[in-house]
Amino acid sequence: MTRLILASTSPYRRELLAKLGLPFDCIAPGVDETPLPGEAPAALAARLAAEKALAVARVSLDGWVIGADQVAVLDGEKLGKPMTRDHTLAQLRKASGKTMEFHTALCVVDAATGEAKADIDRCAVVFRELSPGQIERYVDRDRPYDCAGGFKSEGLGIALFERIEGEDPNALVGLPLIRLTRLLEACGVAVL
């Protein structure tokens, strides 16, 4: 069995990768996630996914290292993790009745050779028109402060949406498993 390493400390990504039923380790990548001036959302997600995977690959002797990153965009503005109740409320107020896009990038690196394979998933969430009270009740119940966009689609956050547009609901949580399965199989890792 090929060793798999998730270059992340995200409990959400760890939980998603566990769905594939493959053993893996987690190592914090320690990468500066500051966007470069003028960097497009998809380019930022792709760069950070690659940097995370490469950073962990440098300290690992073998195995395939999985890096992932996600950038949320609303009205052309990149959104980070809100981290506080007030910022979360503000993000969701802006999102009410609008569409938020997500760019979720993957990079899988062979720690022994440096060979890399990458892909990116794009999906969108169309929000319902939400009242300030609905937003506050949601935030107080789900506390999605550490989530891009300010919600947890795998939890109560699903009630905020009209619909999700995309091919893999896992991408919205932070790890597109359909694309990851393709990448791993291209690397010779049998998922099934």
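Cut-offs used in this document
- All residue numbers refer to positions counted from 1 along the written sequence of the respective chain.
- In view of the model being predicted, local features appear only for residues whose pLDDT reaches at least 70, and side-chain atom pairs are presented and counted only at 80 or more, with totals across whole chains, interfaces and linings using the full set of residues.
- Only hydrogens and water are removed before side-chain values are computed, so all heavy atoms of the structure are retained for them.
- Helix numbering and strand numbering both begin at the N terminus, where a helix is a DSSP run of H or I of at least 4 residues and a strand a DSSP run of E of at least 2.
- For this measure, only C-alpha atoms enter the radius of gyration; the expected value for a globule follows 2.2 Å times N^0.38, where N is the number of residues.
- Note on classification: 1.4 Å probe, protein chains only; a residue is buried when its accessible area is under 20% of the maximum for its type, exposed when over 50%, partly exposed between these limits.
- In what follows, a contact means two residues having at least one pair of non-hydrogen atoms within 4.5 Å.
- Working definition of accessibility: Shrake-Rupley area with a 1.4 Å probe, residue cover restricted to the visible protein chains.
- For the purpose of charge, His is not counted, nor are the chain termini; Lys and Arg are scored as positive and Asp and Glu as negative.
- Every charge is mapped onto a representative atom, which is NZ of Lys, CZ of Arg, CG of Asp or CD of Glu.
- How far a helix is expected to stretch is found by multiplying one less than its residue total by 1.5 Å.
- UniProt positions are given in the numbering used here, feature names are shortened, and annotations may be inferred rather than shown by experiment.
- The term polar contact refers here to a pair of N or O atoms within 3.5 Å; inside protein, the definition further demands a hydrogen-donor-capable atom paired with an acceptor-capable atom, and it admits residues adjacent in sequence only when both atoms are side-chain atoms.
- Each pair of aromatic rings taken from Phe, Tyr and Trp, with Trp reduced to its six-membered ring, is defined by centres within 6.5 Å and is described as stacked if the planes are under 30 degrees apart, edge-to-face if over 60, and tilted in the remaining cases.
- Whenever a carboxyl oxygen of Asp or Glu lies within 4 Å of a side-chain nitrogen of Lys or Arg, that contact is scored as a salt bridge.

### Side note on the overall build of the protein
Helices and strands together make up the secondary structure of the protein, namely six helices and seven strands. Taking 2.2 N^0.38 as the reference for a compact globule, 192 residues should give roughly 16 Å; the C-alpha atoms of the protein span a radius of gyration of 17 Å, in line with that estimate. When burial is assessed residue by residue, the protein has 52% of its 192 residues classed as buried. Summarising the internal contacts of the protein: among those between residues at least 6 apart in sequence, 65% fall at separations of at least 24. If you sum the accessible surface of the protein, you get close to 9,100 Å²; carbon and sulfur atoms cover 52% of it. Side-chain charges of the protein comprise 23 positive and 27 negative groups, with the mean position of each set lying 3 Å from the other.

### A short note on helix 2 (residues 41–59)
Under the 1.5 Å per step criterion, the end-to-end length of helix 2 is 28 Å for 19 residues, consistent within 8% with the ideal 27 Å. For helix 2, the set of buried residues is Pro41, Ala42, Leu44, Ala45, Arg47, Leu48, Ala49, Lys52, Ala53, Ala55, Val56 and Ala57. Looking at the buried residues of helix 2, the elements they touch are strand 1 (4–6), helix 1 (11–18), strand 3 (64–74), strand 4 (77–79), strand 5 (99–110) and strand 6 (116–127).

### A word on the UniProt feature "active site" (unreviewed entry) in the protein
Annotation from UniProt places "active site" (unreviewed entry) at Asp69. Residue position: Asp69 is located in strand 3. Sequence-distant contacts of Asp69, that is, excluding residues within four places in its chain, are made with Arg13, Glu33, Ala45, Leu48, Ala49, Lys52, His103, Thr104 and Ala105. For Asp69, the side chain forms a polar contact with the side chain of Lys52, separated by 2.7 Å.

### Regarding the packing of aromatic side chains
Considering all chains together, one arrives at four aromatic pairs under this definition. Taking the centre distance of 5.7 Å and the plane angle of 85° together, the rings of Phe102 and Phe151 count as edge-to-face. Taken together, the positions of Phe102 in strand 5 and Phe151 in the loop between helix 4 (132–142) and strand 7 (161–165) put the pair 49 residues apart, joining distant regions of the chain. Classification of Phe102 by relative accessible area gives buried; the value is 1%. Judged by its relative accessible area of 4%, Phe151 falls in the buried class.

### Overview of the pattern of salt bridges
Across all of its chains, the model carries 14 salt bridges by this definition. For the salt bridge of Asp75 with Lys98, the shortest nitrogen-to-oxygen distance reads 2.8 Å. With Asp75 in the loop between strand 3 and strand 4 and Lys98 in the loop between helix 3 (85–95) and strand 5, this pair connects stretches of sequence that are 23 residues apart. Relative accessible area serves as the criterion here: at 32%, Lys98 is assigned to the partly exposed category.

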